[in-house]
Amino acid sequence: DPEKMEKIVSLCKGKGFIFQSGELYGGLNGCWDYGPLGAELKRNLKEYWWRKNVQERDDIVGMDGSILTHQAVLTASGHVGGFSDPMCDCKVCKKRYRADQLEEVPLCEAKKQLPKGEDKRCELTEPKEFNLMFETKMGASADDDDPNAVAYLRPETAQTIFVQYKNVLDSSRLKIPFGIAQIGKAFRNEINPRNFTFRSREFEQMEIEYFCHPDDGMKLTDEWLEKRLNFYEEIGVPREKLHILDVPDGERAHYSKKTYDIEYEFPFGIQELEGVAYRTDYDLGKHQECSGKSLEYFNPETKERFIPHVVEPSAGCDRTVLAVICEAYDEEDLTKEGGKPDIRKVMRLKPCIAPIKAAVLPLLKNKPELVAKAKEVKALLQPHMNIFYDETAAIGRRYRRQDEVGTPFCIAIDFETLGEEGPNGEDLSDTVTVRHRDSMEQERIAISELLPWLLARMV
Ligand code: ATP
């Protein structure tokens, strides 16, 4: 559904979720900036992931590794030699393509004007391997050709975990099985960045390396798959929109005994959100071999000594944000019979990740008592969550603006709040109207109850 994708990209820009990086200068291909609402959404997602996978677990700890990576690390891991995609160029228009993703020979940019009947297709070179890593040089005095000055921007967060596994183990009291989690940037010089943020050159990963006994790897891979599917459900991506690809022999990375790709039905097709891979002892084994330092684990109870095996749930933060947005985006036809067309755009984001948790809205802006009370309510809530205050336009318009950016609750301060009698003569002083985004239903809640009421709905 390309039309839906266009609407989402335009809403993301118009409402301040996601902008093209360097747009002012024509844009930097494959790079994106998160605007005010996008930054909140992404941060909420990362915090939720961290809470579920680190804070609420006794067997997983976090780390935050450097992005610039020692070349020896990525040589040992196989990235320097083999982290590549097959690429081909058009000899005429010079455009580059990923050879393994071409379904047909593309139309040539330079041959567009050719008369009918003539071949307008690209003339492609034979595919050659193109390494996806960004290379850089370190140190002010490094001579230009000094091979030792080469460093890389990490292409995955995983390797920084493997090379610190021993330090984490020695500095903590963890016993196998245990995990190390990390959220951070990774960089890949993708040949064809595309589908909005889905395939970028700079992106963020949320990864766990779960270290275990070799006998438990297969079983833990299945368990992690289940846990990760539940996670997506919790953040608003339902199970029926996810597809599990049990990657067959021959298509998995050579070191992996089992890999599940968790895929989502994006508007541009079913595509990978996360990989859950059983990486065996490949990475630690390689780093032990190349560094010459023991990375074995010793179990004092069984006296067993072994290189731990690893199960890795590796999720893309940007892809998850995109999936969440695609899933939340909805248009509701509220046109009344004989009335003007009325389409309500609404983002049905889960409150736990919504960028704005509640909007505080005085009914009218030219009544100082309403405004003062509204500001009081805002001050009460603001230390605890992201609150938006809005006093412009009619209240109905303000509700709709919040619907469009996924704010789950709107809090209206009206004359009843100030003590005026309710429609049935009831005393509603110091209560507010809370309007629910999804159902548009309204209820009255005492200001004194408001904070716990909201907090209970944010988990
Ligand atoms: P793909 O096949 O789509 O290139 P991959 O299998 O190479 O992805 P992994 O190496 O398994 O991806 O990386 C783990 C996760 O990191 C992916 O599931 C995805 O969510 C995220 N990711 C990888 N490459 C990109 C990218 N170029 N842009 C955004 N996210 C990415």
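For the structure itself, look to the data block above.
Residues numbered from 1 in each chain as written. Predicted model: local features only at pLDDT ≥ 70, side-chain atom pairs only at ≥ 80, totals over all residues.

Asks: Could you clarify how one ought to interpret the overall build of the protein in this entry?
Replies: Looking only at helices and strands, one finds eleven helices and 24 strands in the protein. With respect to the three principal axes, the spread of C-alpha positions in the protein is 80 × 80 × 50 Å. Taking all 459 residues of the protein together, the buried fraction comes to 35%. Put simply, of all contacts in the protein between residues at least 6 apart along the chain, 63% involve residues at least 24 apart. (Helix = DSSP H or I, 4+ residues; strand = E, 2+ residues; numbered from the N terminus. Buried ≥ 20, exposed ≤ 12 C-beta atoms within 10 Å, placed from the backbone. Contact = placed C-beta atoms within 7 Å.)

Asks: Can you walk me through unusual backbone geometry in this structure?
Replies: Across the chain, the bulk of peptide bonds are trans and the bulk of non-glycine residues have phi less than zero. Omega for the peptide link from I176 to P177 comes to 5°, which places this bond in the cis form. Structurally, the position occupied by P177 is in the loop between α5 (158–171) and β10 (178–187). Look at F196: it is not a glycine, yet its phi comes out positive at around 60°. Tracing the sequence through the fold places F196 in the loop between β10 and β11 (202–212). Unusually for a residue other than glycine, M440 sits at a positive phi of about 65°. Summarising the element assignment, M440 is placed in the loop between β23 (431–436) and β24 (442–446). Accessibility expressed as a C-beta count within 10 Å gives 14 for M440, which makes it partly exposed.

Asks: When you look at the sheet that holds strand β21 (residues 387–389) in this model, what are you seeing that I'm missing?
Replies: Within a beta sheet, neighbouring strands are joined by backbone hydrogen bonds and run either parallel or antiparallel to one another. Pairing in this open sheet of five strands is mixed, and the strands run β21-β20-β22-β23-β24 from one edge to the other. Two strands bound the open sheet, and with one partner strand each, they are β21 and β24. Mean inter-strand twist for the sheet, computed between neighbouring axes without regard to direction, equals 30°. Sheet topology note: the strand β20 (residues 358–362)/strand β22 (residues 409–413) ladder contains five bridges and is parallel. The partner of A358 across the bridge, within β22, is F409. Docked against the sheet, helix α9 (residues 368–381) engages β20, β21, β22 and β23, running at close to 165° with respect to β20. (Pairing = 2+ DSSP bridges. Axes fitted to C-alpha atoms, helices over the stretch in contact; angles between N-to-C directions.)

Asks: Would you explain the site of the ligand in this entry?
Replies: Neighbouring the ligand are 16 residues; F203, G275, S314, G316 and R319 lie closest to it. Elements represented by at least two residues in the shell around the ligand include exactly β11, β14 (269–280), β17 (309–316) and α8 (317–328). A total of four residues in the shell around the ligand trace back to one element, the largest contributor, which is β14. Looking at the shell around the ligand residue by residue, the class counts come to three nonpolar, five polar and eight charged. (Near = placed C-beta within 6 Å. Nonpolar A, V, L, I, M, F, W, Y, C, P; charged D, E, K, R; others polar.)

Asks: Just to check I follow, could you spell out helix α1 (residues 2–14) for this structure?
Replies: For an α-helix, the turn length of 3.6 residues means that residues three or four places apart are oriented alike. In this model α1 runs 18 Å from its N-terminal to its C-terminal C-alpha over 13 residues, within 8% of the 18 Å that 1.5 Å per residue would give. Looking at the residues trailing α1, positive phi occurs at G16, about 85°. (Expected span 1.5 Å × (residues − 1).)

Asks: For this particular structure, what's the right way to read the packing of helix α2 (residues 36–55) against α8?
Replies: Packed helices, taken two at a time, are described by their axes: the angle between them and the distance between them. Packing of α2 against α8 leaves a shortest axis separation of 10 Å and a crossing angle of 110°. Between α2 and α8, the angle is such that the two are roughly perpendicular. Considering the relative orientation of α2 and α8, their crossing is right-handed. Contacts between α2 and α8 involve L41, K42, L45 and K46 on the former and, on the latter, C317, T320 and V321. Class assignment of the residues belonging to the contact of α2 with α8 gives a composition of four nonpolar, one polar and two charged. (Parallel < 35°, antiparallel > 145°, perpendicular 65-115°, else oblique. Left-handed = near helix turned anticlockwise from the far one by under 90°.)

Asks: Help me out: how do you make sense of the sheet that holds β14 in this one?
Replies: With respect to topology, seven strands assemble into an open sheet ordered β3-β10-β11-β17-β14-β13-β12, the strand pairing being mixed. The sheet terminates laterally at β3 (60–62) and β12 (242–246), the two strands that pair on one side only. Going across the sheet, the axis of each strand differs from the next one's by a mean of 25°, ignoring polarity. Note: β3 against β10, three bridges, orientation parallel. Of the residues in β10, the one forming a bridge with I60 is G179.

Asks: What should I look at first to understand the nonpolar core in this one?
Replies: Burial of nonpolar side chains together is a common tendency in soluble globular proteins. Within the largest apolar cluster, 86 residues are counted, with the highest numbers of intra-cluster contacts made by Y210, A323, V324, I325, A358, V360 and I411. Among the elements that make up this core, the one with the highest residue count is α8 (eight residues). Per-domain counts for this core show at least three residues from each of domain 1 (2–83 + 135–325) and domain 3 (356–456). In this structure A323 touches V237, Y264, F266 and L273, once residues within four positions along its chain are discounted. (Core = buried A, V, L, I, M, F, W, Y, C linked by C-beta atoms within 7 Å. Domains from an automatic or database assignment.)

Asks: Just checking my understanding: could you explain the environment of D170 for this structure?
Replies: Note that D170 resides in helix α5. With 8 C-beta atoms packed within 10 Å, D170 lands in the exposed category. For the pair D170 and Y389, spaced 219 residues apart in sequence, the C-alpha to C-alpha distance is 49 Å.

Asks: Help me out: how do you make sense of helix α6 (residues 217–234) in this one?
Replies: With 18 residues, α6 ought to run about 26 Å at 1.5 Å a step, and its terminal C-alpha atoms sit 26 Å apart, in line with that. Residues of α6 that are buried in the fold lie against α2, β11, β12, β13 (258–266), β14 and β17.

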